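# Summary of structural features
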Amino acid sequence: MKKSNTANTMLSSLPTSPTMSTQSLAGSKISLNNSTKSSRSSLPHVSIKSNKIDHEIETILEKAKFYTSVCLGTTAILSVFTFLFLIPFVVDPAISTIIADYDPVPVTCIVIDHVYAEGIKNCTWSSCREGCTSSPNKCHQLYVNYTRIPFTEWEKNPRDLTSVVWDVSYTKFLINSEGCGYPPTTNCSVFARQYGYSHIGEPFPCYYSRAYPEVVIGRYSWENNLYHLILSLIIPTVLFAVSIGVLSYWYCPDEEDEMEY
């Protein structure tokens, strides 16, 4: 009896690790399954969030493209109207000035007659007009004689006006190649006081046309004329070309894209 009790005591004292390890393995499997399920359940939420972000980015890009397209279309239209507006006011006068071929070196002129007239019938021409699109009701008509002696040389060695042989006599004198302009750069009252009235007979620098010798003007600059001509041609053209080019690239499909469809 003592031996059996001792054996039972020894058996009861043996470790129960196999049973505990089995339970721990089962628990770990359950925890792994739970973590796997939780990770799987969290994946759809992440994908939904990423899809929302992508959709928002696409929406922003579409809006930006739309507003940019509107701006480019407006720029193209305005550039066309700007170019059409510049043709009579800048392009045509600049080309006329180039064709007239004015001598860049100022020669010597004197005003010999100054006529102030009123009425459209009396103002068939004017030395100065404030505005190039309407007929003047009041006008200053200045007539000059000029010699091809450079004005700088005349200042160094003045001549007797009665002994000078004038190259062209009693010809019309204009403020510029078109005989007109817009305030504040063009003020006909100031122009008349500067060259007419009490200044009749005083030598001053002027520019004559080598193509049309009877044309004489008071203001001329080859650099400024060419500068304004280039700007009026390049700026509207570049803006129009860039706007149309970008819009065509965005909205006109290529041949390869058409073949895919």
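Residues numbered from 1 in each chain as written. Predicted model: local features only at pLDDT ≥ 70, side-chain atom pairs only at ≥ 80, totals over all residues. Heavy atoms only, no water.

Naming follows an unreviewed UniProt entry, where the chain appears as Protein tipE of Glossina brevipalpis.

### Regarding the pairing of strand E4 (residues 168-174)
Just so we agree on the cut-off: By the convention used here, strands pair only if DSSP detects at least 2 bridges between them. In DSSP terms, a helix is any run of H or I states spanning at least four residues, a strand is any run of E spanning at least two, and both are numbered starting from the N terminus.
As defined by bridge partners, strand E3 (residues 138-150) adjoins E4 across 4 bridges and the pair is classed as antiparallel. Across the sheet, residue Leu 142 finds its bridge partner in E4, namely Phe 173. Bridge analysis of E4 against strand E7 (residues 216-217) gives 2 bridges, and the strand direction is parallel. Paired with Phe 173 across the strands is Val 216, a residue of E7.

### A short note on the UniProt feature "transmembrane region" (unreviewed entry) in the chain
What counts is decided by this rule: UniProt positions are given in the numbering used here, feature names are shortened, and annotations may be inferred rather than shown by experiment.
UniProt marks residues 66-91 and 229-251 with the feature "transmembrane region" (unreviewed entry), using the numbering shown here. For residues 66-91, the helix share is 100%, the strand share is 0%, and the end-to-end C-alpha distance is 34 Å. For residues 229-251, helix accounts for 100% and strand for 0%, while the C-alpha atoms at its two ends are 34 Å apart.

### Some details on the pattern of salt bridges
Spelled out, the test is: The salt bridge criterion pairs a side-chain nitrogen of Lys or Arg with a carboxyl oxygen of Asp or Glu, the two atoms within 4 Å.
Taken as a whole and assessed by the stated rule, the structure comprises 3 salt bridges. Across the pair Arg 210 and Asp 101 runs a salt bridge whose closest N-O atoms are separated by 3.0 Å. Here Arg 210, found in the loop between strand E6 (204-208) and E7, pairs with Asp 101, found in the loop between helix H2 (17-100) and strand E1 (107-118); they are 109 residues apart in sequence, far enough to count as distant.

### A few points about the packing of aromatic side chains
The geometry of an aromatic ring pair comes down to the distance between the two centres and the angle between the two planes. Heads up, the condition is: Stacked, edge-to-face and tilted labels apply to pairs of Phe, Tyr and Trp rings (six-membered ring for Trp) whose centres lie within 6.5 Å, assigned for plane angles under 30 degrees, over 60, and everything in between, in that order. Only protein chains enter the accessibility calculation, which uses a 1.4 Å probe. A residue is then buried if its area is under 20% of the maximum for its type, exposed if over 50%, and partly exposed in between.
Applying the stated criterion across every chain yields a total of 14 aromatic pairs. Judged by centre distance (5.7 Å) and plane angle (55 degrees), the rings of Tyr 207 and Tyr 220 are tilted. Linking Tyr 207 in strand E6 with Tyr 220 in the loop between E7 and helix H5 (222-251), this pair joins segments that are 13 residues apart in sequence. With respect to class, Tyr 207 is no different from Tyr 220; both count as buried. By way of ring pairs, the aromatic residues Phe 173, Phe 191, Tyr 195 and Phe 204 are connected into one cluster.

### What to know about unusual backbone geometry
In the segment running from Pro 183 into Pro 184, the intervening peptide bond is cis, with an omega of 5 degrees. Locating Pro 184 in the fold gives a position in the loop between strand E5 (180-181) and helix H4 (188-195). Here Asp 101, not a glycine, exhibits a phi torsion of approximately 55 degrees, which is positive. For Asp 101, a relative accessible area of 34% translates into the label partly exposed. Although it is not a glycine, Tyr 197 sits at a positive phi angle of roughly 55 degrees. Along the chain, Tyr 197 falls in the loop between H4 and E6.

### With respect to the sheet that holds E1
Taken in spatial order, the 5 strands of this closed barrel run E1-E3-E4-E7-E6, and their pairing is mixed. Where E6 and E7 come together, 2 bridges link them in antiparallel fashion. Bridge pairing in E7 links Tyr 208 to Val 216.

### Some thoughts on the layout of surface pockets
Just so we agree on the cut-off: The way it works is a 1 Å grid over only the protein atoms, where trapped points that fit a 1.4 Å probe form a cavity and open points with protein on both sides within 12 Å along at least five of seven lines form a pocket, and then any residue with an atom within 4 Å of a point lines it. Grid points are joined across faces, edges and corners, and a volume is the space filled by probe spheres set on the points. In this classification, the charged set is Asp, Glu, Lys and Arg, the nonpolar set is Ala, Val, Leu, Ile, Met, Phe, Trp, Tyr, Cys and Pro, and all remaining amino acids, among them Gly, are polar. For the purposes of this description, domain bounds are those given by an automatic or database domain assignment.
Quantified by volume, the largest pocket comes out at close to 820 Å³. Together, 24 residues line the largest pocket, and Phe 89, Pro 93, Asn 176, Ser 177 and Cys 180 are the ones closest to its centre. Looking at the lining of the largest pocket, the elements that each hand over two or more residues are H2, E5 and H5. Of the residues forming the lining of the largest pocket, the biggest block, 6 residues, is contributed by H2. Grouping the amino acids of the lining of the largest pocket by side-chain chemistry returns 10 nonpolar, 11 polar and 3 charged. Residues from two domains meet in the lining of the largest pocket; each of domain 1 (75-101 + 222-248) and domain 2 (103-219) gives at least three.

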